[in-house]
Amino acid sequence: MYHFTDDCLIGVEEIDNEHRELFRIINETQDLLDNQIISDKYDRIIAMVERLEHYAEEHFEHEEDYMESIRHPELNLQKRQHLFFRDKINGITNSFSSDHEQQAVLEDLLRYLVTWLYRHIISSDLMIGKLKPSEERTAPEFTDKYLTGISIVDKEHKELFRIIGDVYRVMTDEMAVDKYDEIVRLLEELREYTKFHFQDEELYMESIHYEGLEAQRRAHEAFVSRLEEMDLEHIDDNQQETLEDLMEFLTEWLVNHILHSDKKIGAGAQ
């Protein structure tokens, strides 16, 4: 069972409700995959994919309309991601026949839906409505409200806040003309440290048999993927824009993830 967790909330009720429905469709896909009684699932697979296509199309339209209404700067990026999703799902419908290995098709569909949806919500949708003008952005400070009660996790969160502070300092340095090398260095530091931190956090969750471990893993993978997929050529041509977007993403993601997900780990250990 895949759960729509609090760290997936973006704060726009219609979009959050539609994301919940997409999670429900994912769970129906899992139920069909696990069903050992039905031998021929072809018609059900086709019906499920067609329902997914229809619902995703409706959701993407609502999401893009909302982003356009608030002049969100990542609208074009979202449109490209939505188009990629449509192409993938359409490909399943167009190539699937009753002769195909049905369980394999379902497994592929489920794997894609889970990976794409978590990654898309956490690395892209979370930013909807939250991007501020660059002059209003400040470096976040680690305060007691972010404490989870787990010493190693809190220590590593403080280090992540420090790195975000470095991003902010580079972003606001008006004397630097070419910031490319600094951006690449910061991205590498972020990638390496977050992987290190997420590994520690997941090992701790394993040690206390935390029930939300799988959801946390998917959130962590989505975060790292966002960093790894950044285009170095685009960065070089759009250095200040990259820093501003990176600053906003890091701040919103980390604050949201700590408050809505990581603090529950500490509560679950008590």
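Just above, that's the structure.
On a predicted model such as this, the values are computed, not experimentally measured, just so you know.

A.B. asks: Requested: an account of the overall build of the protein chain, with residues and values cited.
C.D. replies: Helices and strands together make up the secondary structure of the protein chain, namely nine helices and zero strands. Taking 270 residues into account, the globule formula puts the C-alpha radius of gyration at 18 Å, and the protein chain, at 20 Å, falls close to it. The principal-axis extents of the C-alpha atoms in the protein chain amount to approximately 65 × 45 × 30 Å. By the burial criterion, 49% of the 270 residues in the protein chain qualify as buried. Considering only contacts within the protein chain whose residues lie at least 6 apart along the sequence, 78% involve residues at least 24 apart. Treating the 29 positive side-chain charges of the protein chain as one cloud and the 63 negative ones as another, the clouds have centres 3 Å apart.

A.B. asks: Outline the packing of aromatic side chains, listing residues and values.
C.D. replies: Under the definition given, this model contains 13 aromatic pairs. Summarising the aromatic geometry, the rings of Phe142 and Tyr146 are spaced 6.0 Å apart at their centres and angled 40° between planes, so their arrangement reads as tilted. What makes Tyr146 buried here is its relative accessible area of 6%. Where Phe198 meets Phe223, the ring centres are 5.8 Å apart and the plane angle is 85°; that geometry is what we call edge-to-face. Residue Phe198 is found in helix H6 (residues 180-207), and its partner Phe223 is found in helix H7 (residues 213-228); the two are separated by 25 residues along the sequence. In this structure Phe223 comes out as buried when scored by relative accessible area, which is 4%. Among the aromatic residues, those joined into a cluster by ring pairs are Phe60, Phe85, Tyr112 and Trp116. Above the plane of the ring of Phe249 lies Arg226, whose end atom (NZ or CZ) is 4.5 Å from the centre.

A.B. asks: Before we move on, can you summarise H6 with the specific residues and values?
C.D. replies: Between its first and last C-alpha atoms H6 spans 41 Å; for 28 residues at 1.5 Å apiece the expected length is 40 Å, and the two agree. His209, located one to two residues past H6, shows a positive phi value of around 55°.

A.B. asks: So, the nonpolar core: which residues are in play, and what are the values?
C.D. replies: With 70 residues, the main nonpolar core has Phe85, Ile89 and Trp253 as its most contacted residues. Taken together, the elements giving at least two residues each to this core come down to helix H1 (13-34), helix H2 (42-69), helix H3 (75-95), helix H4 (102-123), helix H5 (151-171), H6, H7 and helix H9 (239-269). At 12 residues, H4 tops the list of elements feeding residues into this core. If near-sequence neighbours (up to four positions away) are discounted, Ile89 is found in contact with Val49, Leu52, Glu53, Leu109, Tyr112 and Leu113. Listed in part, the six residues of the second largest apolar core include Ile150, Val153, Met205 and Ile265.

A.B. asks: Kindly report on unusual backbone geometry, identifying the contributing residues and their values.
C.D. replies: When glycine is set aside, most residues are seen to have a negative phi, and most peptide bonds are trans. Although it is not a glycine, His209 sits at a positive phi angle of roughly 55°. Assignment of secondary structure puts His209 in the loop between H6 and H7.

A.B. asks: Residues and numbers for a negative patch on the surface, please.
C.D. replies: Residues Glu13, Glu14, Glu58, Glu61, Asp65 and Glu68 make up a contiguous surface patch of negative charge. Of all the elements in the fold, those that place two or more residues in the negative patch are H1 and H2. Sort the elements by how many residues they give to the negative patch and H2 lands first, with four residues. Among the structural elements, Glu14 can be located in helix H1.

Calculation rules
- Residues numbered from 1 in each chain as written.
- Predicted model: local features only at pLDDT ≥ 70, side-chain atom pairs only at ≥ 80, totals over all residues.
- Heavy atoms only, no water.
- Helix = DSSP H or I, 4+ residues; strand = E, 2+ residues; numbered from the N terminus.
- Rg over C-alpha atoms; globule rule 2.2 N^0.38 Å.
- Buried < 20%, exposed > 50% of the residue type's maximum accessible area, 1.4 Å probe, protein only.
- Contact = heavy atoms within 4.5 Å.
- Lys, Arg positive; Asp, Glu negative; His and termini not counted.
- Charge placed at Lys NZ, Arg CZ, Asp CG, Glu CD.
- Phe/Tyr/Trp six-rings, centres within 6.5 Å; stacked < 30°, edge-to-face > 60°.
- Lys NZ or Arg CZ within 6 Å of the ring centre and 35° of its normal.
- Expected span 1.5 Å × (residues − 1).
- Core = buried A, V, L, I, M, F, W, Y, C linked by side-chain atoms within 4.5 Å.
- Patch = residues over 30% accessible without salt bridge, like charges linked within 9 Å, V, L, I, M, F, W, Y side chains within 5 Å.
- Areas by Shrake-Rupley, 256 points an atom, 1.4 Å probe, with all protein chains shown as cover.
- Salt bridge = Lys/Arg side-chain N within 4 Å of Asp/Glu carboxyl O.

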